[in-house]
Amino acid sequence: MNYDFKSAKELLTICKIHELSISEVMLRREVSLSGSSRNKILEQIDRCLRVMDASTNRFHDEDTVKSMGGLIGGESRKLHNLESDKAICGSTLHKAIMAALSVAETNASMGVIVAAPTAGSAGVVPAAILSVYEDCDVELDKLRMALINAGAIGYLCTMNGSVAGAEAGCQAEVGSASAMAASALTEMLGGTPEQCCHAASIAASNLLGLVCDPVRGLVEVPCQTRNTIGVANAFTAAELALAGIESLVPLDEMIEIMTDVGKTLPESLRETGKGGCACAPSLCPALSGLSEKM
Amino acid sequence: MKKSYIGLFDVIGPVMVGPSSSHTSGANYIAWMARQIFTGTPSKVNFRLYRSFADTYMGHGTDRALIGGILGYRSDDKRIRNAYQHAKEAGIKVEFRADAATEVNHPNTVDIVMQTEDGHKLLVRGESLGGGRARITRLNDIDVEFTGERGTIIIEQKDEPGVIAFITNTFAKRGMNIAFMRVFRKEDGDLAITVIESDDFLPEELKDELLGYQAILSVEMIEL
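Cut-offs applied
Residues numbered from 1 in each chain as written. Chains lettered and ligands numbered in written order. Predicted model: local features only at pLDDT ≥ 70, side-chain atom pairs only at ≥ 80, totals over all residues. Heavy atoms only, no water. Contact = heavy atoms within 4.5 Å. Buried area = accessible area lost by both parts, 1.4 Å probe. Salt bridge = Lys/Arg side-chain N within 4 Å of Asp/Glu carboxyl O. Polar contact = N/O pair within 3.5 Å; in protein donor to acceptor, adjacent residues only side chain to side chain. Helix = DSSP H or I, 4+ residues; strand = E, 2+ residues; numbered from the N terminus. Phe/Tyr/Trp six-rings, centres within 6.5 Å; stacked < 30°, edge-to-face > 60°. Buried < 20%, exposed > 50% of the residue type's maximum accessible area, 1.4 Å probe, protein only. Lys, Arg positive; Asp, Glu negative; His and termini not counted. Arc of directions from axis to C-beta. Pairing = 2+ DSSP bridges. Axes fitted to C-alpha atoms, helices over the stretch in contact; angles between N-to-C directions. Parallel < 35°, antiparallel > 145°, perpendicular 65-115°, else oblique. Left-handed = near helix turned anticlockwise from the far one by under 90°. Nonpolar A, V, L, I, M, F, W, Y, C, P; charged D, E, K, R; others polar.

Remarks on the interface of chain A and chain B
Size of an interface, as often reported, equals the accessible area lost when the parts are brought together.
Argument step 1. Opposite the 42 residues of chain A that make contact, chain B presents 27 residues.
Argument step 2. On the chain A side of the contact with chain B, Met68, Met110 and Val112 of chain A bury the most area, a combined 24% of that side's loss.
Argument step 3. Applying the counting criterion to the chain A and chain B interface returns one salt bridge.
Argument step 4. Its salt-bridge partner being Arg47 of chain A, residue Asp76 of chain B comes within 2.6 Å of it at the nearest N-O pair.
Argument step 5. Inspection of the region where chain A meets chain B yields 11 residue pairs in polar contact (both at pLDDT 80 or more).
Argument step 6. Put simply, the parts of the chain that give the side of chain A that touches chain B at least two residues each are helix H2 (22–34), helix H3 (38–55), helix H5 (91–108), strand S1 (112–114) and helix H7 (140–160) of chain A.

Focus on the packing of aromatic side chains
Residues and elements named next belong to chain A.
Argument step 1. On inspection of all chains with the given rule, the structure shows six aromatic pairs over all chains.
Argument step 2. Relative to Tyr155, the ring of Phe5 has its centre 5.2 Å away and its plane inclined at 80 degrees; by these criteria the two rings are edge-to-face. Note that Phe5 is positioned in the segment before helix H1 (8–18) and Tyr155 in helix H7, a separation of 150 residues in sequence. Across the pair, Tyr155 and Phe5 agree in class, each one buried.

Looking at the side chain of Glu187 of chain A
Residues and elements named next belong to chain A.
Argument step 1. Tracing the chain through its elements places Glu187 in helix H9 (residues 170–188).
Argument step 2. Within the buried core, Glu187 has no salt-bridge partner, and the shortest N-O distance to an opposite charge, that of Lys142, equals 8.4 Å.
Argument step 3. Within the local environment of Glu187, its side chain forms a polar contact with the side chain of Asn149, the two groups lying 2.6 Å apart.
Argument step 4. Aside from chain neighbours lying at most four places away, what touches Glu187 is Ser21, Ile22, Ser23, Met145, Asn149 and Cys196.

Comments concerning H1 of chain A
Side chains of residues three or four places apart in an α-helix project in the same direction, reflecting 3.6 residues per turn.
Residues and elements named next belong to chain A.
Argument step 1. Within H1, burial applies to Ala8, Leu11, Leu12, Ile14 and Cys15. For H1, the angular spread of buried residues about the axis comes to 160 degrees, placing them on one side. Exposed side chains of H1 directed beyond 90 degrees from the buried face belong to Lys9, Lys16 and Ile17.
Argument step 2. In this structure, the buried side of H1 is in contact with H2, H7, helix H10 (193–206) and helix H12 (251–264).
Argument step 3. Glu19 sits one or two residues past H1 and shows a positive phi near 50 degrees.

Brief notes about unusual backbone geometry
Excluding glycine, residues mostly carry a negative phi; peptide bonds, for their part, are mostly trans.
Residue and element names in this part refer to chain A.
Argument step 1. A cis geometry characterises the amide bond from Val221 onward to Pro222, with omega recorded as 0 degrees.
Argument step 2. Tracing the backbone shows Pro222 in the loop between H10 and helix H11 (223–242).
Argument step 3. Its identity is not glycine, yet Asp137 carries a phi of approximately 55 degrees, on the positive side.
Argument step 4. Of note, Asp137 is situated in the loop between helix H6 (124–135) and H7.
Argument step 5. Classification of Asp137 as exposed rests on a relative accessible area of 75%.
Argument step 6. In this structure, Arg216 takes a positive phi of about 60 degrees despite not being glycine.
Argument step 7. Here Arg216 shows up in the loop between H10 and H11.
Argument step 8. Judged by relative accessible area, which is 27%, Arg216 ranks as partly exposed.

Focus: the pairing of strand S6 (residues 133–139) of chain B
Residue and element names in this part refer to chain B.
Argument step 1. Inspection of the sheet shows strand S5 (residues 121–130) paired to S6 by six bridges, in the antiparallel sense. Residue pairing across strands places Arg125 opposite Arg138, the latter belonging to S6.
Argument step 2. Counted between consecutive antiparallel strands, the loop separating S5 from S6 contains two residues, among which Gly131 sits at a positive phi close to 65 degrees.
Argument step 3. In sequence, S6 turns back onto strand S7 (residues 142–146) through a hairpin of two residues, with Asn140 there showing a positive phi of about 50 degrees.

What to know about the packing of H10 of chain A against H12 of chain A
In a pair of packed helices, the angle between the axes and the distance between the axes together describe the arrangement.
Residue and element names in this part refer to chain A.
Argument step 1. Running from amino to carboxyl end, H10 crosses H12 at an angle of 20 degrees, the nearest separation of the two axes being 9 Å. When the interaxial angle is binned, H10 and H12 end up roughly parallel. The way H10 lies across H12 gives a crossing that is left-handed. On H12, the residues that touch Cys197, Ala200, Ser201, Ala204 and Ser205 of H10 are Leu251, Met254 and Met258.

Some points on the sheet that holds strand S2 (residues 44–50) of chain B
Residues and elements named next belong to chain B.
Argument step 1. Taken in spatial order, the six strands make up an open sheet running S3-S2-S4-S5-S6-S7, and their pairing is mixed. Here the strands that pair on one side only, and so sit at the sheet edges, are strand S3 (93–99) and S7. When the angles between neighbouring strand axes are averaged without regard to direction, this sheet yields 20 degrees.
Argument step 2. Here S2 runs beside S3; their pairing, made up of seven bridges, is parallel. Across the sheet, Arg48 pairs through a bridge with Arg97, a residue of S3.
Argument step 3. Lying over the sheet, helix H4 (residues 62–70) contacts S2, S3 and strand S4 (109–115), oriented at roughly 140 degrees with respect to S2.

Quick look at the packing of H9 of chain A against H10 of chain A
Residues and elements named next belong to chain A.
Argument step 1. Running from N to C, H9 and H10 point in directions that differ by 150 degrees, and their axes come no closer than 8 Å. The angle between the axes of H9 and H10 places the two elements in the roughly antiparallel class. For the pair H9 and H10, the crossing hand works out as right-handed. Contacts between H9 and H10 pair Gly175, Ser178, Ala179, Ala182, Ser183, Thr186 and Glu187 from the former with Gln195, Cys196, Ala199, Ala200, Ala203 and Ala204 from the latter.
Argument step 2. Classifying every residue of the contact of H9 with H10 by side-chain character gives seven nonpolar, five polar and one charged.

Written out as structure tokens, the structure reads:
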């Protein structure tokens, strides 16, 4: 049996013929291409989930660990300490954006993270699936499969588009991560494979054109808060898709559109540190002070 | 083993110490490979960082990732963060120099010079290619190219007839398959480097057998 697919369209056809979820098709694809057993792959998924989980828990730390570049640190703790009547995102999304901040802090201070699909966007997928797992009474097995579902969408973005900020801007990193998370959440909460692809397409379309403009070329600002918008956007897209709202643009086309938009972005907005937030006038004097300290 | 498809863990992964797959994880892998192909224990290691590495290495922890690689840590090892301390404890002196001016081919390039107490010395140049992948492009003054993604054997030899026949014979006698083989040499030099990648496990005896030939000066192996 061949479970390999090259597009969302092919993926959905396989899902339909065999009456399988996206994650199940992706898992069987991995079994047949890697030669590893199903259990071996699920063990590796569990290892990823453990590292992801640990990286989302920075808000427990009372001592602030500064990032290597010194621009961020302690943000998830601050959000944790927010009075509950001001947490207007609601409990689950509150947890999710806190987790996204935490992963970015972990990453920027040389902690261990799982790139998903990249290190700079590593907060989006774990923040989304782990917070919903915790709050929505989902079984552990569904959490595992959600991560594999995210892998399927990430594979399509990598294969038919780009997940590199230097090539296609932040939309390729946080945008792809957000599409992955939106699809994963949709499957986790009982959505169909079609609904997963609608969620991914909506999520990607919402972040089209997002530029990659890291201050001082570091994975800190604005990368950290971009991870929070990636996860909030994934929540939105999943909720729309679960309600039966469809993306008129199919996922395959959306991935192509994202790539085309990425190509039209000027080089200054593709991870060069020469445009966007990286050139904010008010950051420049502070930054020269920083580099003297280092 | 080199893969021809994009798999699940190419997307969900690598598991790595942050913050950057190219500036942290890839740098670590270069230094790790460098250490694998160096005979003896280095007491002093000099790093020269070029272009993008030179500009942003501190904020990306490139320096710590490199030291970690020299200490044998892989890219998901938490000890990388305190690599300076661990190097000190291991009695390895490290020195960094940022060189943004010299022209090199790749934006993320580093030269690593390892040196033992008794003066044995090796320069390894590496390039970090993104996503944690990297390649070695120079050994001392000879340009080479390998990624260490398979079992790799690096042979330093006198540039004379018969050496390559001896090497391939040695592999053949053991029933080992050569996946890739390339010979690099300086135009005017009398030394050459043969790099062989194999899908098979590389046994220690293979090294000894190759070293038995008079024109073979050194044999190093990278086993993942």
